[in-house]
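Understanding the architecture of this molecule
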Amino acid sequence: MFRFRLDSASGVPPYLQLVHQVRQSLLLGYLREGDRLPTVKDVVSDLAINPNTVVKAYRQLEHEGLAGGKPGQGTFITGTLSPATPDTHHALRASLERWLRDADAAGLNDDEVTALIAVARNDMRKEKV
Amino acid sequence: MIHDDVVGNAPALRTAGLGRRYGHVWGLRDCTLTVPAGAVVGLVGPNGAGKTTLLQMIIGLLQPTEGQLEVFGETTRANSAKALARVGYVAQDHPLYRDFTVADMFHLGRAMNPSWDQGVATARMDALGIPLKRKIKGLSGGQQAQVSLAMALAKRAPLLALDEPVSSLDPIARLDFMRELMAAAADTGVTVIVASHVVSELERLCDWLIVLTGGRMQLAGPVDDLLAAHRLLTVPRATRDAELPGLAIHRADSDRHSTVLVRIDPARLAAQERREWGVEPVGFEQLVLAYLQRPSGASTDNPAQAAARPGPATKEVTR
């Protein structure tokens, strides 16, 4: 059975953490179509988390077409997450690895890399608006 | 919300201009809020901010000096049997009779509460491995807290108020307590109000937030709405508060730049945002700490409550 975790220091709202974990597990293949997600009560007892938060996360997953509730049986993974074909995914990852190696060679540490990505993303977002 | 219609359609709690004075000093003043049924409310504030005053008025132990207070649509009169029956209460120090056994405590609970459900109380003890024959003084602090919680839940009251329930417990006992509390919320849809100092632990528990300082309500509303209504802006140091797209709640100045937690006005943010500004979402703890650090006389209004309710627009009130 899939188990969620919570990082209270991350600053990411708990419901989003749950949604992200499902998305990420789908991308990594840890979750597949047909898998059952734990019941709201199970997640609540496991993480000491507000039940409404779990319900909200599951609604969001349903809204994204990634999960669906079957009455009396629970919530199941119904979709797959493929923002890009496996080939595109592979190519993007390869170019990212090249870039990270360049950054490393230029002496940037992890924090600097993260800051640079955040700045670039922020600028792109503003250009789109 | 999964707990709609648990106790009719009335909100769990509605206050208007609620206040309580002790002699010449106001313990709490001008408290106006509406909490929906099924919410888990975090009540945050420093010592002396009015948390216990608010809780004791809600549970019917303290008569308000002014203003209105309704619990599930009914006006509360302090110390009436009806008011006391509607709210379960877990006090800070878990007051239990030390020489009583757990079974004795439950016997007392049954005698004092017409709606007592003995099955709820004993089932919880079974699940936690706490023997009914054990004396209270032989239990750990965490187990005593669990007995208090079981007794509050066995009342089957639709509202549960907890005053710093875990402040004396170790981290594992805290987590166990919160697990039981949240499981009960999931099972029964009980509305929960929990006062706590431990802001980092409240985030996972509550979907509603009340911040009090100096007897005044600084912030109240659904957590999601409150987070959506604030941003952390990084701006050049010379930027004046008046140039910001909203109300500056907390500002930290560095040599060249300032980070300001702003209650944003979305239209103004869209119109005024400058390229050199950094705009980031705000986290729960960040938001709470910003409001806790505000002087209690600072201007307050209530964007989330106004957004959540149709009706007249919120006034900007200067106090």
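Predicted model only: the values in this text are computed from it and were never measured. (Residues numbered from 1 in each chain as written. Chains lettered and ligands numbered in written order. Predicted model: local features only at pLDDT ≥ 70, side-chain atom pairs only at ≥ 80, totals over all residues. Heavy atoms only, no water.)

1. Remarks on the overall build of chain A
Secondary structure summary: chain A contains 5 helices and 3 strands in total. Considered along the principal axes of its C-alpha atoms, chain A spans approximately 55 × 35 × 30 Å. Scored against the burial criterion, the 129 residues of chain A give a buried share of 31%. The contacts of chain A with a sequence gap of at least 6 include a subset with a gap of at least 24, amounting to 50%. Summing over all exposed atoms, chain A offers an accessible surface of approximately 8,300 Å²; the carbon and sulfur share of this is 53%. Averaged over its 16 positive side-chain charges, chain A has a centre that lies 7 Å from the centre of its 16 negative ones. (Helix = DSSP H or I, 4+ residues; strand = E, 2+ residues; numbered from the N terminus. Buried < 20%, exposed > 50% of the residue type's maximum accessible area, 1.4 Å probe, protein only. Contact = heavy atoms within 4.5 Å. Areas by Shrake-Rupley, 256 points an atom, 1.4 Å probe, with all protein chains shown as cover. Lys, Arg positive; Asp, Glu negative; His and termini not counted. Charge placed at Lys NZ, Arg CZ, Asp CG, Glu CD.)

2. Some remarks on the sheet that holds strand β11 (residues 230-236) of chain B
Residue and element names in this part refer to chain B. Spatial ordering of the open sheet is given by β12-β13-β11-β14, a layout of 4 strands whose pairing is antiparallel. Only two strands of the sheet have a single partner each, and these edge strands are β12 (246-253) and β14 (278-281). Ignoring strand direction, the axes of neighbouring strands in this sheet form an average angle of 25°. Two elements, β12 and strand β13 (residues 257-264), share 7 bridges in a ladder whose sense is antiparallel. Residue Asp-253 lies in a different strand from β13, and its bridge partner there is Ser-258. (Pairing = 2+ DSSP bridges. Axes fitted to C-alpha atoms, helices over the stretch in contact; angles between N-to-C directions.)

3. Observations concerning the interface of chain B and chain A
Each partner contributes residues to the interface: chain B has 26 residues there, and chain A has 23 residues. Interface area, chain B with chain A, both sides summed: about 1,900 Å², of which 48% is carbon and sulfur. Residue B:Asp224 is joined to A:Lys56 by a salt bridge in which the shortest nitrogen-to-oxygen separation is 2.2 Å. The set of elements that each furnish at least two residues to the side of chain B that touches chain A consists of α6 (171-188) and α7 (199-205) of chain B. By residue number, the principal contributor to the side of chain B that touches chain A is α6(B), which donates 8 residues. (Buried area = accessible area lost by both parts, 1.4 Å probe. Salt bridge = Lys/Arg side-chain N within 4 Å of Asp/Glu carboxyl O.)

4. Quick look at the state of the cysteines
Residue and element names in this part refer to chain B. Scanning the model with the defined rule gives 0 disulfides over all chains in all. Free of any disulfide, Cys-31 has its nearest neighbouring cysteine sulfur in Cys-206, separated by 16 Å. Residue Cys-31 is classed as buried on the basis of its relative accessible area, which comes to 1%. Taking the relative accessible area as the measure of exposure, Cys-206 reaches 4% and is therefore buried. (Disulfide = S-S within 2.5 Å.)

5. Details of the environment of A:Ile49
As for its placement among the helices and strands, A:Ile49 is situated in the loop between α2 (40-47) and α3 (51-63). Judged by relative accessible area, A:Ile49 falls into the buried class, the value being 0%. Along the primary structure A:Ile49 and A:Pro14 are separated by 35 residues, whereas in three dimensions their C-alpha atoms are 8.4 Å apart. The contacts of A:Ile49, once residues within four sequence positions are left out, are A:Leu6, A:Pro14, A:Leu18, A:Val43, A:Val44, A:Val54, B:Met182 and B:Arg204.

6. Some remarks on the packing of aromatic side chains
Residue and element names in this part refer to chain A. Under the counting rule described, the total for this entry stands at 4 aromatic pairs over all chains. Between Phe-2 and Phe-4, the aromatic rings sit 4.9 Å apart at their centres with planes inclined by 90°, giving edge-to-face as the arrangement. With respect to burial, Phe-2 and Phe-4 carry one shared label: buried. Arranged with centres 6.4 Å apart and planes meeting at 45°, the rings of Phe-4 and Tyr-58 form a pair that is tilted. (Phe/Tyr/Trp six-rings, centres within 6.5 Å; stacked < 30°, edge-to-face > 60°.)

7. With respect to the side chain of A:Asn50
Tracing the sequence through the fold places A:Asn50 in the loop between α2 and α3. Relative accessible area serves as the criterion here: at 0%, A:Asn50 is assigned to the buried category. Polar side-chain contacts of A:Asn50 include one of 2.9 Å to the side chain of B:Asp207. In this structure, A:Asn50 is in contact with A:Val44, B:Val40, B:Met182, B:Arg204, B:Leu205, B:Cys206 and B:Asp207, ignoring residues within four places of it in sequence. (Polar contact = N/O pair within 3.5 Å; in protein donor to acceptor, adjacent residues only side chain to side chain.)

8. As for the confidence of the model for chain B
All names here are of chain B. Of the residues in chain B, 90% have a pLDDT of 70 or more, and the chain-wide mean is 85. The least confident element of chain B is helix α11 (residues 303-308), whose mean pLDDT is 40; the most confident is strand β3 (residues 40-44), at 96. Predicted confidence for residues 1-7 stays below pLDDT 50, and this span has 18 contacts to residues more than four positions away or in other chains. Across residues 302-319, where pLDDT falls below 50, the model places 28 contacts with residues more than four positions away in sequence or in other chains. (pLDDT = per-residue confidence, 0-100.)

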